[in-house]
Amino acid sequence: MESVFYSPTRIIFGEESLKRVGEEARKFGERALIVTGKSSSKKSGSLDEVVNSLTSHNLQVEIFNKVEPDPSIGIVEEGAKFAKKCAADVVIGLGGGSPMDAAKGIALLMTNKGEITDYFGTDKVKEPALPIIAIPTTAGTGSEVTKYAVITDQKKMLKQIIGTPHINPKLAILDPLLTLSMPASLIANTGVDALSHAIEGYVSTQANPVGDILALKSIVLIAEALPGAISQPDNLKIREKMLFASMLAGMVINSAGAGIIHGMGYFITLHYGAPHGLANALLMPEVMEFNLEGNPLKFRNIAEAMGKKVEGLSEKEAAHLSVVAMRELLGKIGIPRGMKEIGVKEESLADFAKTVSKNKRLLTLNPRRPTTEEIEEIYRRSM
Ligand code: NDP
Ligand code: MN
């Protein structure tokens, strides 16, 4: 069967690579808009560094620093208005997935008519967005190399996906120094998000041989590095591994897509405020348990990539070890054991399951197709 791998983003990786931003942005024009969160990039000094590098290369700089976690329709619209007012030539997303995704939404509204809601879905965008430079400060979403922007629709209570190669960043600058300021819980949540991308992309029905290599490498790196990233917060080598692994996982989902860990997790974020990565973490073991039989060989390989010995075991036994390894890793990094611990109520699960089962795209990508009842059962087991 044919398969597709696509990864158009140029990547500059390494300590102090942030210094390159001015020189690189200048190639796209004279006026740069920085899209960032409310405080972390200011506090860590990374925002100032970006501004200094841009101004020293004779760029005019404007800053939109209002992006909240899980960016809303409203904030993207407001950012786009601002971007038009300052006639930006290039949009720089600086922060976690939220500012990077908002930057993508803003950049696409600079070149495409209408409202951001017109572009929810796959391949709805007609014109290439304004050039986007993505600079992650978390090691998680991989948004710096993906064609996705995830926007929260508070009216419909949905996390809406814009999926189009027109918003793949032109350039990703990955400087591990920017991730040093993350507190432990953010390292854990975002690290597990990256792991969920590697796993969901690897077992996706749209997986491909190039992505599979990246996914397995990403899983190995995260399983090895994530506990140390938390216990040795000053160890830059470990942070670099995590940032590299999260980028690889982003490249994987760019072509292969994600599955029901994401589809189900969105509702835990929307209704209970759980950070994106934590929502995924809480659902991951039970979704894996359910998905195993859809592709036992790949789950065996995941177990092995996470450090389990699988020689001599049946494929089924070996595949199951991936769930064991996952539970051990989540325990080590302090993820709660179930959704009850973060206040999720049993009563909400049936409705969530119904809404998830309408998400045909993610259900098709999932290695085993669940019924609405099965989705509800996975939620219950994750309590
Ligand atoms: P966010 O960007 O939502 O940031 C979460 C919090 O972390 C914010 O309070 C932010 O502060 C803070 N923060 C960010 N970086 C640092 C840092 N270096 N030091 C200290 N604090 C920091 O987190 P994520 O990266 O997890 O992004 C999640 C979003 O990305 C979700 O909306 C999710 O759906 C989306 N996503 C997108 C994907 C894609 O391909 N486009 C893939 C997967 C997820 P402040 O706001 O002040 O900056
Ligand atoms: Mn994710």
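The sections below set out a description of the structure shown in this document. These numbers come from a predicted model, not from an experiment.

### A word on the coordination of the manganese ion (ligand 2)
Right, so step 1: Only Asp-193 (OD), His-197 (NE2), His-262 (NE2) and His-276 (NE2) from the protein coordinate the manganese ion (ligand 2), and they sit 2.1 to 2.2 Å from it.
Right, so step 2: One chain supplies every donor to the manganese ion (ligand 2), and in sequence these donors are spaced D-x3-H-x64-H-x13-H. Taken together, the positions of His-262 in helix α9 (residues 260–272) and His-276 in helix α10 (residues 276–291) put the pair 14 residues apart, joining distant regions of the chain.
Right, so step 3: What makes His-262 buried here is its relative accessible area of 4%.
Right, so step 4: Overall, His-276 belongs to the buried group, its relative accessible area being 18%.

### So, the pattern of salt bridges
Right, so step 1: With the rule as written, the count across this model stands at 20 salt bridges.
Right, so step 2: Its salt-bridge partner being Lys-241, residue Glu-224 comes within 3.6 Å of it at the nearest N-O pair. Of the two residues, Glu-224 is situated in helix α7 (residues 209–231) and Lys-241 in helix α8 (residues 236–256); the sequence distance between them amounts to 17 residues.
Right, so step 3: When the shortest N-O distance is used, the salt bridge between Glu-293 and Arg-368 registers 3.7 Å. Residue Glu-293 is located in the loop between α10 and α11 (296–305), and its partner Arg-368 is located in the loop between α14 (360–365) and α15 (372–381); the two are separated by 75 residues in the primary sequence.
Right, so step 4: For Arg-368, a relative accessible area of 22% corresponds to the partly exposed category.
Right, so step 5: Where salt bridges share partners, they join Arg-10, Arg-20, Glu-23, Glu-24 and Lys-27 into one cluster.

### Some details on empty space enclosed by the protein
Right, so step 1: According to the stated counting rule, one finds one cavity of 30 Å³ or more in the structure shown.
Right, so step 2: In this model, the largest cavity occupies a volume close to 30 Å³.
Right, so step 3: Lining the largest cavity are Ile-199, Glu-200, Val-203, Ile-261, Val-287, Met-288, Asn-291 and Phe-299.
Right, so step 4: When residues of the lining of the largest cavity are traced back to their parent elements, those giving at least two are α6 (184–203) and α10.

### Focus on the sheet that holds strand β3 (residues 60–67)
Right, so step 1: Here six strands make up an open sheet; going across it, the order is β1-β9-β6-β4-β2-β3 and the pairing parallel. Looking at the sheet topology across the chains shown, the edges are occupied by β1 (10–13) and β3. Sheet twist, expressed as the mean angle between neighbouring strand axes with direction ignored, is 20 degrees.
Right, so step 2: Of the strand pairs in this sheet, β1 and strand β9 (residues 171–174) are connected by four bridges, and their pairing is parallel. Note on β9: the bridge partner recorded for Ile-11 is Ala-172.
Right, so step 3: Each of β2 (31–37), β3, β4 (90–95) and β6 (132–136) touches helix α3 (residues 46–56); the most contacted strand, β2, lies at about 175 degrees to it.
Right, so step 4: Each of β2, β3, β4 and β6 is contacted by helix α5 (residues 97–109), which is oriented at about 165 degrees to β4, the strand it contacts most.

Reading the values: the criteria
- Note on numbering: residues in each chain are counted from 1, in written sequence order.
- Here every chain gets a letter starting at A, and every ligand a number starting at 1, in the order they are written.
- Side-chain atom pairs in this predicted model are given and counted only at pLDDT of 80 or more, local residue features only at pLDDT of at least 70, and totals for whole chains, interfaces and linings cover all residues.
- The basis for every side-chain value is the complete set of heavy atoms in the structure, and neither hydrogens nor water enter the calculation.
- Distances up to 2.8 Å from the metal define which N, O and S atoms are donors, and 3.2 Å serves for Na, K and Ca; water is absent from the atom set, so sites may look incomplete.
- A run of H or I in DSSP counts as a helix once it spans at least four residues, and a run of E counts as a strand once it spans at least two, with each numbered from the N terminus.
- Each residue's exposure class comes from its accessible area (1.4 Å probe, protein chains only) as a fraction of the maximum for that residue type: buried when under 20%, exposed when over 50%, partly exposed otherwise.
- Note on definitions: salt bridges are taken to be side-chain nitrogens of Lys or Arg within 4 Å of carboxyl oxygens of Asp or Glu.
- Here the term cavity refers to a set of points on a 1 Å grid, laid over the protein atoms alone, in which a 1.4 Å probe fits but cannot get out; the term pocket refers to an open set having protein on both sides within 12 Å along at least five of seven lines, with lining residues being those that place an atom within 4 Å of a point.
- Grid points are joined across faces, edges and corners, and a volume is the space filled by probe spheres set on the points.
- Strand pairing follows a simple DSSP-based rule, namely that at least 2 bridges must link the two strands.
- Axes here refer to lines fitted to C-alpha atoms; in helices the fit is confined to the stretch in contact. Angles between the N-to-C directions go from 0 to 180 degrees.
- Contact definition: two residues touch when any of their heavy atoms are within 4.5 Å.

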